[in-house]
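Observations on the model geometry
Here's the letter readout for the chains.
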Amino acid sequence: VQLVESGGGLVQPGGSLRLSCAASGFTFSSYNMTWYRQAPGKERELVAIITSVGGSTHYADSAKGRFTISRDNGKNTVYLQMNSLKPEDTAVYYCNGRYFLVNYWGKGTLVTVSS
């Protein structure tokens, strides 16, 4: 089982990034997929979730209106489009896949928002 995040990097405030998370080794389409983030010195927090059935989405208040989560079950990949980035979005972003009590994590990708 693997979840591999990519797309992080350094971006100026107001800029955009698209994160990807490629999944393998499990039935991706059956799993709810979630993006979390952890800023330095802070606890990990949920950013956005997309369900396996119907593709319903939910966002943290900090992400609403700026971030969009999507999934491509044919490519076993979940995305996080991040626009209007702020310095407070700086964090390691993690991909999570969950199916009942089964829970998989990626190793994260670093996003740094700075001028």
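Figured I'd write up the structure that's included with this text. (Residues numbered from 1 in each chain as written. Predicted model: local features only at pLDDT ≥ 70, side-chain atom pairs only at ≥ 80, totals over all residues. Heavy atoms only, no water.)

Considerations on a nonpolar patch on the surface
Together, Y99, F100, L101 and V102 make up an exposed nonpolar region whose accessible area comes to about 490 Å². Looking at the secondary structure, you find L101 in the loop between β9 (91-99) and β10 (102-105). (Patch = residues over 30% accessible without salt bridge, like charges linked within 9 Å, V, L, I, M, F, W, Y side chains within 5 Å. Areas by Shrake-Rupley, 256 points an atom, 1.4 Å probe, with all protein chains shown as cover. Salt bridge = Lys/Arg side-chain N within 4 Å of Asp/Glu carboxyl O. Helix = DSSP H or I, 4+ residues; strand = E, 2+ residues; numbered from the N terminus.)

Considering the pattern of salt bridges
A side chain with one charge may pair with a side chain of the opposite charge, provided their charged atoms come close. All chains considered together, the criterion is met by four salt bridges. The closest approach of N and O atoms between R37 and D89, which form a salt bridge, is 2.9 Å. Remark: D89 occurs in the loop between β8 (77-82) and β9 and R37 occurs in strand β4 (residues 32-38); sequence separation between them is 52 residues. Through salt bridges with shared partners, a single network forms among R37, E45, R66 and D89.

Overview of the state of the cysteines
Within this structure, the stated rule accounts for one disulfide. Each disulfide pairs two cysteine sulfurs, and for C21 the partner residue is C95, the sulfurs being separated by 2.1 Å. With the S-S bond torsion at -85 degrees, the cross-link from C21 to C95 turns out left-handed. Here C95 lies in strand β9 and C21 lies in strand β3 (residues 17-24), a separation of 74 residues in the sequence. Here C21 and C95 have matching classes, each one buried. (Disulfide = S-S within 2.5 Å. Buried < 20%, exposed > 50% of the residue type's maximum accessible area, 1.4 Å probe, protein only.)

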